[in-house]
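Geometric and topological summary
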Amino acid sequence: KTRKLSKDSIYGPLDRTKFLIWISVMTFCGSNNDFIAKLCYQSLPADTYRWYWIAWLLTSSTFLVCSLGLVFGWNGGSEWRKFKGHSLFFLRNVAVAGTCDVFVNLGRYIGLVFLPASVVTILKCGSQMIFSALFRLVFEGKRLSRIQSLGIALVTLGLALVCLASFLVEEDDNSRIFMGIVVLFGVGCFGSIRNSFEQILCRDHGYDSNFIVGFRSMCSFLWTL
């Protein structure tokens, strides 16, 4: 039986080749982000307080660039007219998502101080997946399928092994490793909350995803000022 795909289908758009290319590029860039940040952190001298402004500049510039999503998600003004119809509801959801995004970026870079970049990437992405499944079950009342439950179980086992390996392999103080793990699980939680509030606007109210990301990034940028 042929599966009918739609633009908003979880399986992706009709043009599967383009979809898979973009997913691969995003995965590559995202996986290297923490490694490059860790390299920058380790390359700085011990007296790093003079370089804090660079971290602030890079973070705020990232939010500012992402706010251009407002332009790409404008859709001839249709999104703006929809926004004016229930602006308070929209701004409340975007403000929560933008605030969570600030904590996600802040916590990720703090985690790089305590743990290797590879561990940061695994714990951040894995914990966010677990929290997303938990929110889906608790707040939306949607049960996971058997294959989804198996996947979450494997991710949980993998995170447990990574945490155990960090304590056994790393030569740093165990309290620093524990602090880094706690921070990154917090990052995963905030990331899932951010995605949930964005999903309310995109899935339930039909807003363009670019428009949502642009508004959210603008809110995050204001937090960095």
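For the structure itself, look to the data block above.
As a starting point, this report considers the structure included with it. Each chain has its residues counted from 1, running along the sequence as written. With pLDDT at 70 or above as the cut-off, local features in this predicted model cover only qualifying residues; side-chain atom pairs require 80 or more to be listed or tallied, and sums for whole chains, interfaces and linings still use all residues. Side-chain numbers come from the whole structure's heavy atoms, not from hydrogens or water.

**Let's talk about the nonpolar core**
Note the threshold: To form a nonpolar core, buried Ala, Val, Leu, Ile, Met, Phe, Trp, Tyr and Cys residues must be joined to one another through side-chain atoms within 4.5 Å. Three labels apply to residues, based on accessible area from a 1.4 Å probe with only protein chains included: buried if under 20% of the type maximum, exposed if over 50%, partly exposed otherwise in between. Each helix is a run of H or I in the DSSP string that is no shorter than four residues. Each strand is a run of E no shorter than two, and both are numbered from the N terminus.
Counting residues in each nonpolar core, the largest one holds 13 residues, and the members touching the most others are Leu115, Val119, Val120, Leu123, Ile181 and Leu184. Listed by contribution, the elements that provide at least two residues to this core are helix H5 (87-114), helix H6 (117-138), helix H7 (146-169) and helix H8 (174-204). Counting residues per element, this core draws most heavily on H6, which supplies four residues. Counting residues in hydrophobic clusters, the runner-up holds eight residues, among them Phe90, Tyr207, Ile212 and Phe215.

**Observations regarding the packing of aromatic side chains**
Centre-to-centre distance and the angle between the planes together describe a pair of aromatic rings. What counts, and what does not: Note on aromatic contacts: the rings of Phe and Tyr and the six-membered ring of Trp form a pair at centre separations within 6.5 Å, being stacked when their planes are under 30 degrees apart, edge-to-face when over 60 apart, and tilted otherwise. Ring-over charges, as used throughout, are those where CZ of Arg or NZ of Lys falls within 6 Å of the ring centre and within 35 degrees of the ring normal.
Applying the stated criterion across every chain, the model contains 11 aromatic pairs. Where Phe90 meets Phe211, the ring centres are 5.8 Å apart and the plane angle is 50°; that geometry is what we call tilted. With Phe90 in helix H5 and Phe211 in helix H9 (residues 209-224), this residue pair connects regions lying 121 residues apart in the sequence. The structure contains a cluster of three or more aromatic residues connected by ring pairs, namely Trp80, Phe83, Phe90, Tyr207, Phe211 and Phe215. Sitting over the ring of Tyr207, Lys82 keeps its end group 5.1 Å from the ring centre.

**Re the pattern of salt bridges**
Under the convention used in this document: Each reported salt bridge corresponds to a side-chain nitrogen of Lys or Arg within 4 Å of a carboxyl oxygen of Asp or Glu.
As enumerated under the stated definition, the model contains five salt bridges in all. A salt bridge links Glu79 to Lys82, with the nearest nitrogen and oxygen atoms 3.9 Å apart. Note that Glu79 and Lys82 are positioned in helix H4 (residues 78-85) at a spacing of three residues, about one turn of the helix. Here Lys82 falls in the partly exposed class, since its relative accessible area comes to 29%. A network of salt bridges, in which partner residues are shared, links Asp101, Arg194, Glu198 and Arg216.

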